[in-house]
Number of protein chains: 4
Amino acid sequence: MTRNIHTLLIDCNDAKGLIYKITDTAYRYGLNIVLNREFVDHETAYFFMRTVLEGDFDHQKFLQDLKTQLPENANIRLSSDQKKKIVVLATKEHHVLGDLLIRHEFDEINAEIQAVISNHETLEPLVQKFELPFHFVSHLGVEREEHEENILKLLAQYNPDYLVLAKYMRILNPSFVEHYPNRVVNIHHSFLPAFVGANPYQQAYERGVKIIGATAHFVNNDLDEGPIITQSTGSVNHTYSAEKMARTGKEIESRVLAEALQLVLEDKVFIHGNKTVILD
Amino acid sequence: MTRNIHTLLIDCNDAKGLIYKITDTAYRYGLNIVLNREFVDHETAYFFMRTVLEGDFDHQKFLQDLKTQLPENANIRLSSDQKKKIVVLATKEHHVLGDLLIRHEFDEINAEIQAVISNHETLEPLVQKFELPFHFVSHLGVEREEHEENILKLLAQYNPDYLVLAKYMRILNPSFVEHYPNRVVNIHHSFLPAFVGANPYQQAYERGVKIIGATAHFVNNDLDEGPIITQSTGSVNHTYSAEKMARTGKEIESRVLAEALQLVLEDKVFIHGNKTVILD
Amino acid sequence: MTRNIHTLLIDCNDAKGLIYKITDTAYRYGLNIVLNREFVDHETAYFFMRTVLEGDFDHQKFLQDLKTQLPENANIRLSSDQKKKIVVLATKEHHVLGDLLIRHEFDEINAEIQAVISNHETLEPLVQKFELPFHFVSHLGVEREEHEENILKLLAQYNPDYLVLAKYMRILNPSFVEHYPNRVVNIHHSFLPAFVGANPYQQAYERGVKIIGATAHFVNNDLDEGPIITQSTGSVNHTYSAEKMARTGKEIESRVLAEALQLVLEDKVFIHGNKTVILD
Amino acid sequence: MTRNIHTLLIDCNDAKGLIYKITDTAYRYGLNIVLNREFVDHETAYFFMRTVLEGDFDHQKFLQDLKTQLPENANIRLSSDQKKKIVVLATKEHHVLGDLLIRHEFDEINAEIQAVISNHETLEPLVQKFELPFHFVSHLGVEREEHEENILKLLAQYNPDYLVLAKYMRILNPSFVEHYPNRVVNIHHSFLPAFVGANPYQQAYERGVKIIGATAHFVNNDLDEGPIITQSTGSVNHTYSAEKMARTGKEIESRVLAEALQLVLEDKVFIHGNKTVILD
């Protein structure tokens, strides 16, 4: 017998008795609370709650019932444990993509990779090994807007829940990102906000840093500036060339993106302004 | 105007509606829930909850009210934000003690150090700098039982909430520990369960490990076996002598004990069998 | 024009003037020292040196020349920058193997994977994606000795420089290991010497540890006891089931083995008794 | 009998045979090489070597002898194992200073703290506990230049080898720093180059980072831009207020500065342009 598990995500202005009202409603519907995480951001007086519920119930009725009891601005999401659909955008680097493909192959991420799209053909053989669709959409000879339009058309066929930028080395126009608000996850090859922009490992090398890092974040209008999901760092020293720093960095990038995706794909991440609240 | 803040700790057998019943009670007493953390250990079907409450209320009545609604085996603790009282036991090593004394001096731990007790006089000058009572209780020429009795008599004067073993290098009899059940915190100079017992850094050196660590834990009958609170590790390599490993380890020890004490002294740690549940 | 690069590894009893003698010899042969690392273990008065040399020279003559100047027990190895040959042994777990295959595919390890041997068929499809030989050598219905004989016969065909145990879940007889002295690298799913033996994550879960780790080491007669090459750790907490600990551990395992292999395959690791000296 | 130990530091343009020439000279003077570390920065073709020598010898003659064999721009330093003299500058924060004072008290840093200078009186009681001179040099009512002149006058009395800025919260003029070229060590409360400038923890909080860090570096004309010695990081999350981030950061700061000072005071750090080369 399968357990009937749902994840309820709520965020709204803070008010007295919110936890009580939500757990009371679950109680009245005969649901068991498997796990409950809340957080109140006191600076903005804003409330977040993630509840894992077990049981059979009328979703529509439950949500309407909840809605009447919560502040007007409440965002309420109820998600089943169905896999998310994702499309991966990459360029030429295989590290992050290879890691994702292996995890996907062995069913370790809560997602179905629908396709990989790239502006180069380099990664096609790798993707084909795993029998997934690979789309080459060249950026050569077309304007940025047209290139992005071409990608958007492809994406429309797949209708993914999330876009994952697995070292996609081109800057996306805000007009592109707007199609997937809070649904584009990027791995930035640097410990943001240090070394924003191109060639961060070269920058790190020139600055003589002793630690490098990587940052997984949602993309908003300003490429390197969206809400940070996860970060990680690793030690380097004076014997590291810029190339070796990059190599070390790539290991960190793969790890950080995998961690971030796990959180996002398991509905554990809220976006709050330019920050994330992670209820794990 | 001071905020009226209390921490409520509850653990009991798991049952449907516990969170609802607890938050409902808080709601009825007009209390604001500042922070709420729960955890259910599904293996043992056991429930833990830590709630920070704000407001004025009749503590006695509130606790009785709660008690009637919770499973019979429920442990309910309500603690004010008053500082805990601690006595520190040490031997000759100053690292962990020095760190504690500085933190205490600048009011960074939620505790009042009532006294330091040692079986050596080595640390007396350090403790005196901070104008705290130092008691030298020699273990020479007396049986272990008598030595421990002498310490217990001293402790009885202070009636501390917790005993902190800051590198107290003698094994305590179960009969001693029983006086402070779940209230003795030890820092073990090793990454338990590796290198149990004496000279762990020498053991680590001889084994040629590449990482060493330290463990803060509650003491039960078996010295190195109580519930683990926090652990931390650090890298070492073939150039490290046993002495340098010990030096590196001492830094880790101070850090780990400070972290553990912060959790314990802020009422964030539950003991569950031989494990801890930390609701931070 | 390619640079003519060689790595010289020397270990012997310590004596006055060793560095001088070695660098003097290199100087006389017109060689440029690109990199030089030495270490003296003072406890055993033993000397280690790794020198990267650039230039054309008569290898035989150079080595003979060196030999006359060094203590009698000197081990002298001169290795070209040719890739090492490795055979991977696995059982059913894909994490470590998958990671290795991706790195190999993109030429990131200094080795040619000649084949993968397993006592299960589970991983065959994965290995086939990368067009590498996969050999299924069942352990069912045969004695351990016979099973190992069958593997040894296969290995004889490949004559690998190193055997890599990528989560090979069977204990190897000393008689097997003797065929590849100091040439079998294992990843142990635990932070040795804690949790030696089977089910380390279950053991870690039951002990309630706050940090888990993994250990890459050479295999000697006693499976979990060989010289440690690299270790790494990661944080866990009370919310982790034994399964989630294992999942977290697998990430660490892949990373640790990759680091260890990089060191071994680039001739940076000396074995000294039951320890390693790593000159990176 | 004491061992006669000296540390030789050499940096110069790279050339063939440097290691040979240096070790040959040591050999001819009958010296034993206890430890040898070299590094060549290939980008700038620059050579660094740190050698620990044991034996009795005519220093003057040895250095002249060496000089004739090395490139003209060679910097040659020979230091005994005598303690370095340091003066600490602080403002109001006690964390880093407290940590230093404890280490100094127990003879764990290779330095004699000659005095503590501060532009506030806050830390006087702490310094007095350890019976060290404390100088209050107010910045109120005087120009920055005059204030710095007053500090320089004090420093002239002590003639320290290094100045340690233990959370000295004022920017130093280049004219001040010039008196102690490559001899001023600062702890910056941020993971440089992120969050340069004031209130880095507030900046980190507002950016929603998941990791914070600290940086120990030499001070040059541009306060936050000198050569980095050591860095370290720690995890934070959405539950951290800016204050809690700062608290976590202070722990990291103390640790990072202690590590950096150990390296500097044991003559292990070379400055090369705006970077450090650390031969440990």
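The shown structure was predicted, so the numbers you read here are calculated from the model rather than taken from an experiment.

Our focus in this paragraph is helix H2 (residues 59-69) of chain B. All names here are of chain B. Along H2, the residues that are buried comprise Phe62, Leu66 and Gln69. One side of H2 holds all its buried residues, which, seen down the axis, span an arc of 60°. Facing away from the buried side of H2 by more than 90 degrees, the exposed set consists of Gln60, Lys61, Gln64, Lys67 and Thr68. Residues of H2 that are buried in the fold lie against strand E1 (5-13), helix H1 (18-28), strand E3 (46-54) and strand E4 (75-80). The N-cap of H2, judged by a side-chain oxygen 3.1 Å from the amide nitrogen of Gln60 a few residues on, is Asp58.

This next bit is on the sheet that holds strand E10 (residues 211-218) of chain A. Residues and elements named next belong to chain A. Here seven strands make up an open sheet; going across it, the order is E7-E6-E5-E8-E9-E10-E11 and the pairing mixed. A strand with exactly one partner marks an edge of an open sheet, and here the two such strands are strand E7 (134-136) and strand E11 (228-235). For this sheet the average axis-to-axis angle between neighbouring strands, irrespective of direction, equals 20°. Of the pairings in the sheet, the one linking strand E6 (residues 111-118) to E7 comprises three bridges and is parallel in character. Directly across from Ser118, in E7, lies its bridge partner Phe136.

This next bit is on the interface of chain C and chain A. Listed by partner, the interface residues are 17 residues for chain C and 17 residues for chain A. Summing both partners gives a buried area of about 1,600 Å² for chain C against chain A, and 52% of it is carried by carbon and sulfur. On the surface where chain C and chain A come into contact, there are four salt bridges. Across the pair Glu251(A) and Arg103(C) runs a salt bridge whose closest N-O atoms are separated by 2.6 Å. At the boundary of chain C and chain A, one finds nine residue pairs in polar contact (both at pLDDT 80 or more). Where the side of chain C that touches chain A is concerned, the elements lending two or more residues are helix H3 (95-105), helix H4 (124-129) and helix H8 (242-265) of chain C. For the side of chain C that touches chain A, the element with the most residues is H3(C), which contributes five residues. Looking at the side of chain C that touches chain A residue by residue, the classes come out as four nonpolar, four polar and nine charged.

Residues and elements named next belong to chain C. Taken together, seven strands build an open sheet; the order of strands is E7-E6-E5-E8-E9-E10-E11 and the sheet is mixed. The open sheet has two edge strands, strand E7 (134-136) and strand E11 (228-235), and neither has a second partner. Mean inter-strand twist for the sheet, computed between neighbouring axes without regard to direction, equals 20°. The pairing of strand E10 (residues 211-218) with E11 spans seven bridges and is classified as antiparallel. Considered in E11, the bridge of Ala214 is made with Ser232.

The interface of chain A with chain D comprises 32 residues on the first partner and 32 residues on the second. Of all residues in chain A, the largest losses of buried area upon contact with chain D belong to Arg207(A), Lys210(A) and His238(A), amounting jointly to 27% of the total for that side. In this structure, the connection of chain A to chain D is made through two salt bridges. A salt bridge links Arg207(D) to Glu225(A); its shortest N-O distance comes to 3.8 Å. Remark: the boundary between chain A and chain D carries 17 residue pairs in polar contact (both at pLDDT 80 or more). Residue assignment for the side of chain A that touches chain D shows that the elements contributing at least two residues are strand E2 (32-41), helix H7 (200-207), E11 and strand E13 (275-278) of chain A.

Before going further, it helps to examine the packing of aromatic side chains. Counted by the stated rule, this structure contains 28 aromatic pairs over all chains. Here the aromatic rings of Phe57(C) and Phe62(C) are separated by 5.1 Å at their centres, their planes lie at 80°, and the arrangement is edge-to-face. Here the two residues Phe57(C) and Phe62(C) agree in accessibility, since each one is buried. Each member of the aromatic cluster is reached from another via a ring pair, and the members are Tyr20(A), Tyr27(A), Tyr20(B) and Tyr27(B). Directly above the ring of Tyr240(B) sits Lys244(B), whose terminal nitrogen or CZ lies 4.4 Å from the centroid.

All names here are of chain D. Given a rise of 1.5 Å per residue, 15 residues ought to cover 21 Å, and the 21 Å separating the end C-alpha atoms of helix H5 (residues 144-158) matches this to within 8%. Those residues of H5 hidden inside the fold are in contact with strand E5 (84-90), strand E6 (111-118), strand E7 (134-136), strand E8 (162-165) and helix H6 (174-177). Remark: Asn159 follows H5 within two positions and exhibits a positive phi of approximately 50°.

Residue and element names in this part refer to chain B. Here Asn119 is to be found in the loop between strand E6 (111-118) and helix H4 (124-129). Here Asn119 falls in the buried class, since its relative accessible area comes to 4%. Polar contacts involving the side chain of Asn119 include one to the side chain of Thr91, which spans 3.2 Å. Looking at Asn119, its side chain comes within polar contact range of the side chain of His139, at 3.2 Å. Sequence-distant contacts of Asn119, that is, excluding residues within four places in its chain, are made with Ala90, Thr91, Phe136, Val137, Ser138, His139, His147, Tyr168 and Arg170.

As a further point, take the relation of the copies chain C and chain A. Mapping chain C onto chain A leaves a residual RMSD of 0.0 Å; the transformation is a rotation of 180° accompanied by 0.0 Å of translation along its axis. This pairing of chains is accounted for by a two-fold axis. Within chain C, the C-alpha atom positioned nearest to the axis of rotation is that of Lys129(C), 2.7 Å from it. Taken as a fraction of all interface residues of chain C, those also at the interface in chain A reach 100%, which identifies the copy contact as same-surface.

Core analysis: the largest hydrophobic core is formed by 200 residues, its most contacted members being Ile229(A), Ile229(B), Leu257(B), Ile229(C), Leu257(C) and Ile229(D). What Ile229(D) contacts, discounting residues up to four positions off in sequence, is Lys210(A), Val185(D), Ala216(D), His217(D), Phe218(D), Ala260(D), Leu263(D), Val264(D), Val269(D), Thr276(D) and Ile278(D). Listed in part, the 38 residues of the second largest apolar core include Ala26(C), Ile33(C), Phe62(C) and Phe62(D).

What follows deals with the packing of helix H1 (residues 18-28) of chain A against H1(B). Contact geometry for H1(A) and H1(B): axes closest at 9 Å, N-to-C directions at 140°. It follows that H1(A) is oblique to H1(B) by the angle criterion. Viewed along their axes, H1(A) and H1(B) form a crossing whose handedness is left-handed. When H1(A) is examined against H1(B), the residues Ile19(A), Tyr20(A), Lys21(A), Thr23(A), Asp24(A) and Tyr27(A) are found in contact with a partner set consisting of Ile19(B), Tyr20(B), Lys21(B), Thr23(B), Asp24(B) and Tyr27(B). Residue classes in the contact of H1(A) with H1(B) are distributed as six nonpolar, two polar and four charged.

In this section: the domain arrangement of chain A. Residues and elements named next belong to chain A. Looking at the assigned domains, one finds that chain A contains domain 1 (5-80) and domain 2 (84-278). In this structure, domain 1 and domain 2 have C-alpha centres spaced 31 Å apart. Between domain 1 and domain 2, the contact holds 13 residues from the first and eight residues from the second. Summed over both sides, the interface between domain 1 and domain 2 buries roughly 830 Å², with carbon and sulfur atoms accounting for 62% of that surface. Taken together, the links from domain 1 to domain 2 amount to zero salt bridges. Viewed at the interface, domain 2 and domain 1 are joined by four residue pairs in polar contact (both at pLDDT 80 or more). Class assignment of the residues belonging to the side of domain 1 that touches domain 2 gives a composition of six nonpolar, three polar and four charged.

What counts, and at which threshold
- Residue indices follow the written sequence of each chain, beginning from 1 at its first position.
- Key to labels: chains lettered from A, ligands numbered from 1, both in the order written.
- Per-residue local features are limited, in this predicted model, to residues with pLDDT of at least 70; the limit for side-chain atom pairs, both in listing and counting, is 80 or more; totals at the level of whole chains, interfaces and linings are taken over all residues.
- In computing side-chain values, all of the structure's heavy atoms are included and hydrogens and water are not.
- Think of it in three bands: with a 1.4 Å probe and only protein chains considered, a residue is buried below 20% of the maximum accessible area for its type, exposed above 50%, and partly exposed in between.
- Strands are runs of DSSP state E lasting at least 2 residues, helices are runs of H or I lasting at least 4, and numbering of each runs from the N terminus.
- The arc in question is traced by the directions running from the helix axis to the C-beta atoms.
- In what follows, residue pairs with any heavy atoms lying within 4.5 Å of each other are defined as contacts.
- Polar contact criterion, stated in full: a pair of N or O atoms within 3.5 Å, where within protein one must be able to donate a hydrogen and the other to accept it, and residues adjacent in sequence count only if both atoms are side-chain atoms.
- Any two strands between which DSSP finds at least two bridges are classified as paired.
- Note on method: axes are straight lines fitted to C-alpha atoms, helices fitted across the in-contact stretch only, with angles between N-to-C directions ranging 0 to 180 degrees.
- Note: buried area is the sum, over both parts, of the accessible area (probe 1.4 Å) each one loses when the two are combined.
- Salt bridges are identified by distance alone: a Lys or Arg side-chain nitrogen within 4 Å of an Asp or Glu carboxyl oxygen.
- Side-chain classes are defined by residue name, with Ala, Val, Leu, Ile, Met, Phe, Trp, Tyr, Cys and Pro counting as nonpolar, Asp, Glu, Lys and Arg as charged, and the others, Gly among them, as polar.
- Put simply, two rings from Phe, Tyr or Trp (the six-membered ring, in Trp's case) pair if the centres are within 6.5 Å, and we call them stacked under 30 degrees between planes, edge-to-face over 60, tilted for the rest.
- For a Lys NZ or an Arg CZ to count as sitting over a ring, it must be within 6 Å of the ring centre and within 35 degrees of the ring normal.
- Here the expected length of a helix is defined as 1.5 Å per residue gap, with one fewer gap than residues.
- To superpose the copies, least squares is applied to the C-alpha atoms of every residue with a pLDDT of at least 70 in both.
- Definition used in this section: a nonpolar core is a set of buried Ala, Val, Leu, Ile, Met, Phe, Trp, Tyr and Cys residues joined via side-chain atoms within 4.5 Å.
- Angle categories: roughly parallel below 35 degrees, roughly antiparallel above 145, roughly perpendicular from 65 to 115, and oblique for all the rest.
- Take the far helix as your reference; a near helix turned counterclockwise from it by less than a right angle gives a left-handed crossing, and one turned clockwise gives a right-handed crossing.
- In this document the domain limits rely on a domain assignment from an automatic tool or a database.

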